[in-house]
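For reference, the chains in residue letters:
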Amino acid sequence: MSAGNDERGYGWVAKGFHWLIALLILTSLALGLYAASLRDSQAQELQKVFEAFSVHKTLGVSVLILGVLRVLWMLTQPKPRPLHPQRRVETYVADLVHWALYLGMIIMPLSGWLVHSSAPGGFARILWPFGQRLPAVPQDPALSERFAAFHGIGWWVLAALIVLHVGGAMKHLVIDRDQTLARMTHGRNLEEPPKDSRFTKLTGIAGAVLLWAAVLVAATLAPREADPLFDETPAASQPAVTAPASATSAEAAQETASSGAPVWQVQDGTLGVSVTQGGNPVTGQFADWNANIDYDPDTQTGKVDVTINTGSLTLGSVSDTAKGPDFLNTTQFPEARFQADLLPPEAEGQPHLAKGTLTILGKTVDAELPFTLTIEGDSAKANGKMSVNRQDFGVGATYADETTVGFAVDIEFALNAKRL
Ligand code: HEM
Ligand code: HEM
């Protein structure tokens, strides 16, 4: 059997590519659906979701690499002539489907890789030692969602093309009883297909390009889905900090001030967390928290009481999991709290220290948060960072090692406050 094609049939290289890629695509499709169903199921088992997506992505990337090689090979090869060129519609559809499959085996994995590359925060890794993200792709949730929309519509189109394609092959085998399938498998000594000058590649290519362009348009126009992977919207649309009811008026805030020191009202700020997930850092934000601060610049001491709405967390692509029963369990524990004394710097140029307790999942643990503070007149700027161990609070207790989620959680804040 020769390596190259001729007008009667396919050489072993084309056959090898065909069956290997067919197998990989079908497995990638099945695994993609399986991974998505695990992700969307109630019992979100993060480890399994990660493993399934990792294998899905790795197989998908191998489809992309083999697909590019296959197309390059195909372009150097003659295409075996159709066996029944007089059946013009059938021949055209078969040709269109072939081109659309060629495009699909590149575009589908590429769109998946674009979802992966543009997703902010954590993701299941491609299981290989080369880079993870494609270069020059910004990490942007809105963009990632568009790529996901393409990937999500694209697989239906690819699956439909495969159904048509396999259906065609079966028709040739069962109804026409011709050599179409044989020349893609074991076929030898095949009959010479008739010559037909009307058969042209270009219309098939044009149809295939139009088909995938339609997917692109549909993905661009597709309404934003409330997908658990992309659920940033509700929280992100909230203001960064909601002023506490008790601190919206000076009097009310004074009531909560326990030390008699001046009271500061948070004007704006951020409260972020980062964890390592599947080997990657994931960073997120609480959109809704408030801080009652009383701090005396003369003594450089005071008190702080921070209440955090745990349900307002967005954490890359895994917000729902982070808020779910295995982690922050926000339905049962909607609030986390940090109560601390503010202590002066030990020496000039050193940070202040907020020393107190952090309560998460109802468990209270000692915590120390060093922070820097700059005061100008009635305005103060503060920022600081501490690291806690999620195990101390029983967060992610079912993830007893660090393969899926690291133990250390960095908590970081930055805020501007005004003296009332
Ligand atoms: C032949 C190649 C591929 C096929 C046929 C395919 C198919 C699928 C399918 C059927 C899903 C489930 C869609 C759903 O129900 O939500 C999916 C999801 C996904 N795939 Fe692929 N995929 C391929 C390659 C890739 C590659 C190479 C990557 C990344 C490197 C990737 C990343 C993803 C991601 C991140 C999701 C979840 C997206 C979302 O939630 O909307 N895929 N894929
Ligand atoms: C994911 C799955 C598949 C993909 C992406 C795929 C793709 C392709 C492509 C692009 C061609 C055209 C080759 C060329 O002329 O350059 C082709 C040919 C062919 N495929 Fe598939 N294929 C798949 C699965 C299958 C399956 C499952 C069967 C059989 C049951 C099959 C049977 C054939 C046959 C018989 C041909 C030769 C058609 C002819 O000689 O005109 N394919 N395939």
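Sequence order as written defines the numbering, with residues in each chain counted from 1. All chains are assigned letters beginning with A, and all ligands numbers beginning with 1, in the order in which they are written. Only residues with pLDDT of at least 70 are given local features in this predicted model, and only at 80 or more are side-chain atom pairs given and counted; all residues enter the totals for whole chains, interfaces and linings. For side-chain calculations, the full set of non-hydrogen atoms in the structure is used, while hydrogens and water are omitted.

Identification of the protein as Cytochrome b561 from Paracoccus sulfuroxidans is taken from an unreviewed UniProt entry. UniProt positions are given in the numbering used here, feature names are shortened, and annotations may be inferred rather than shown by experiment. Of the comments in the UniProt record for the protein, the one headed Cofactor (unreviewed entry) reads "heme b". Under the Subcellular location (unreviewed entry) heading, UniProt states for the protein: "Cell membrane".

Asks: Is there a simple way to explain the overall build of the protein in this structure?
Replies: Numbering of helices and strands runs from the N terminus; a helix is a DSSP stretch of H or I covering at least four residues, while a strand is a stretch of E covering at least two. Summing up its helical and strand segments, the protein has eight helices and 10 strands in all. Counting all 420 residues of the protein, 46% fall into the buried class. Pairs at least 24 apart in sequence give 68% of the contacts found in the protein among residues at least 6 apart. Residue exposure (1.4 Å probe, protein chains only): buried if accessible area is under 20% of the type maximum, exposed if over 50%, otherwise partly exposed. The criterion used for residue contact is that any of the two residues' heavy atoms lie within 4.5 Å.

Asks: Help me out: how do you make sense of empty space enclosed by the protein in this one?
Replies: Think of a ball as big as a water molecule: rolled over the atoms, this probe shows where empty space is left. Cavities and pockets were defined on a 1 Å grid built over protein atoms only: a cavity is a set of grid points that admits a 1.4 Å probe from which the probe cannot escape, a pocket is an open set flanked by protein on both sides within 12 Å along at least five of seven lines, and lining residues are those with an atom within 4 Å of any such point. Grid points are joined across faces, edges and corners, and a volume is the space filled by probe spheres set on the points. This structure, assessed with the given rule, holds two cavities of 30 Å³ or more. Here the largest cavity defines a volume of roughly 770 Å³. What lines the largest cavity is a set of 46 residues, among which L271, V273, F286, I308 and I411 lie closest to the centre. Top element by residues in the lining of the largest cavity is strand β10 (residues 408-419). It accounts for six residues. Across the lining of the largest cavity, the residue classes tally to 41 nonpolar, three polar and two charged. Three classes are used: nonpolar for Ala, Val, Leu, Ile, Met, Phe, Trp, Tyr, Cys and Pro, charged for Asp, Glu, Lys and Arg, and polar for all others, with Gly counted as polar.

Asks: Whenever I open this one, the environment of L210 confuses me. Can you help?
Replies: With respect to the element layout, L210 can be found in helix α5 (residues 201-221). Considering only alpha carbons, one finds L210 and A100, 110 residues apart in sequence, at a separation of 9.2 Å.

Asks: I keep staring at the pattern of salt bridges and nothing clicks. Help me out?
Replies: Side chains that differ in sign of charge can pair as their charged atoms come close. Definition used for salt bridges: Asp or Glu carboxyl oxygen within 4 Å of a side-chain nitrogen of Lys or Arg. Scanning the entire structure with this criterion turns up 14 salt bridges. A salt bridge links R8 to E192; its shortest N-O distance comes to 3.6 Å. Of this pair, R8 sits in the segment before α1 (12-40) while E192 sits in the loop between α4 (141-176) and α5, placing them 184 residues apart in sequence. The shortest N-O distance in the salt bridge between K355 and E368 comes to 3.5 Å. Separated by 13 residues along the polypeptide, K355 in strand β7 (residues 352-360) and E368 in strand β8 (residues 363-376) bring together distant segments of the chain. The exposure class assigned to E368 is partly exposed, which follows from its relative accessible area of 43%. One network of salt bridges, with partners in common, ties together E7, R8, R81 and E192.

Asks: I would appreciate a short explanation of the site of ligand 2 in the present structure.
Replies: Residues are labelled near a given molecule or strand when at least one of their non-hydrogen atoms is within 4 Å of it. Around ligand 2 sit 19 residues, and of these Y10, H18, K79, Y102 and H165 come closest. Side-chain atoms alone can form a polar contact between residues adjacent in sequence; in general such a contact is a pair of N or O atoms within 3.5 Å, and within protein one must be able to donate a hydrogen while the other accepts it. Residue Y10 places a side-chain N or O atom 2.6 Å away from an oxygen atom belonging to ligand 2. When residues of the shell around ligand 2 are assigned to their parent elements, the largest contribution, five residues, is made by α4. Here the residues of the shell around ligand 2 are counted per class, giving 12 nonpolar, four polar and three charged.

Asks: Please explain the packing of aromatic side chains as it appears in this structure.
Replies: Two descriptors summarise a pair of aromatic rings, namely the distance from one centre to the other and the angle between the planes of the rings. Each aromatic pair joins two rings of Phe, Tyr and Trp (for Trp, the six-membered one) with centres within 6.5 Å, and gets the label stacked for planes under 30 degrees apart, edge-to-face for over 60, and tilted for any other angle. Counted according to the given criterion, the structure contains seven aromatic pairs. Here the aromatic rings of W128 and F130 are separated by 5.0 Å at their centres, their planes lie at 90°, and the arrangement is edge-to-face. The class for W128 is partly exposed, based on a relative accessible area of 23%. Three or more aromatic residues joined by ring pairs form one cluster here, namely W113, W128 and F130.

Asks: Looking at this structure, how should I read the coordination of the iron atom of ligand 2?
Replies: Ideal geometry at a metal centre gives angles of 109.5 degrees when four donors are arranged tetrahedrally and 90 or 180 degrees when six donors are arranged octahedrally. Every protein donor of the iron atom of ligand 2 is accounted for by H18 (NE2) and H165 (NE2), and the metal-donor separations fall at 1.9 to 2.0 Å. Sodium, potassium and calcium take a 3.2 Å donor cutoff, other metals 2.8 Å, and in both cases only N, O and S atoms count; water is not among them, so sites may look incomplete. Square planar and octahedral sites, with four and six donors, are those where opposite donors lie more than 155 degrees apart and all other angles lie between 65 and 115, tetrahedral sites have four donors with every angle between 85 and 135 degrees, and the rest are irregular. Bound by six donor atoms, the iron atom of ligand 2 shows angles of 87 to 179° at the metal and therefore octahedral coordination geometry. Of this pair, H18 sits in helix α1 while H165 is found in helix α4, placing the two residues 147 residues apart along the sequence. Judged by relative accessible area, which is 26%, H165 ranks as partly exposed.

Asks: Help me understand the pairing of strand β3 (residues 289-296), please; the structure alone is not making it clear to me.
Replies: Look at any regular strand and the pattern is simple: side chains alternate between the two faces of the sheet. β3 sits mainly inside the fold: seven of its eight residues count as buried. Here strand β1 (residues 263-277) runs beside β3; their pairing, made up of two bridges, is antiparallel. Directly across from V263, in β3, lies its bridge partner D294. For two strands to be treated as a pair, DSSP must find at least two bridges joining them. In this sheet, strand β4 (residues 301-309) lies alongside β3 in antiparallel orientation, the contact comprising eight bridges. Within the sheet, the bridge partner assigned to N292 lies in β4 and is D305. Counting the residues between successive antiparallel strands, the hairpin from β3 to β4 contains four residues, one of them, Q300, with a positive phi of roughly 60°.

Asks: I would appreciate a short explanation of the nonpolar core in the present structure.
Replies: We define a nonpolar core as any set of buried Ala, Val, Leu, Ile, Met, Phe, Trp, Tyr and Cys residues linked to one another through side-chain atoms lying within 4.5 Å. Membership of the largest hydrophobic core comes to 52 residues, with the highest contact counts inside it found for W289, I293, F338 and L358. Bear in mind that the domain bounds are from an automatic or database domain assignment. Counting contributing residues per domain, this core is built from domain 1 (12-228) and domain 2 (231-419), each supplying no fewer than three. Core analysis: the second largest hydrophobic core is formed by 28 residues, L29, V97, W99 and A222 among them.

Asks: Help me out: how do you make sense of the coordination of the iron atom of ligand 1 in this one?
Replies: For the iron atom of ligand 1, the full set of protein donor atoms is H56 (NE2) and H151 (NE2), at a range of 2.0 Å. Residue H56 is classed as buried on the basis of its relative accessible area, which comes to 14%.

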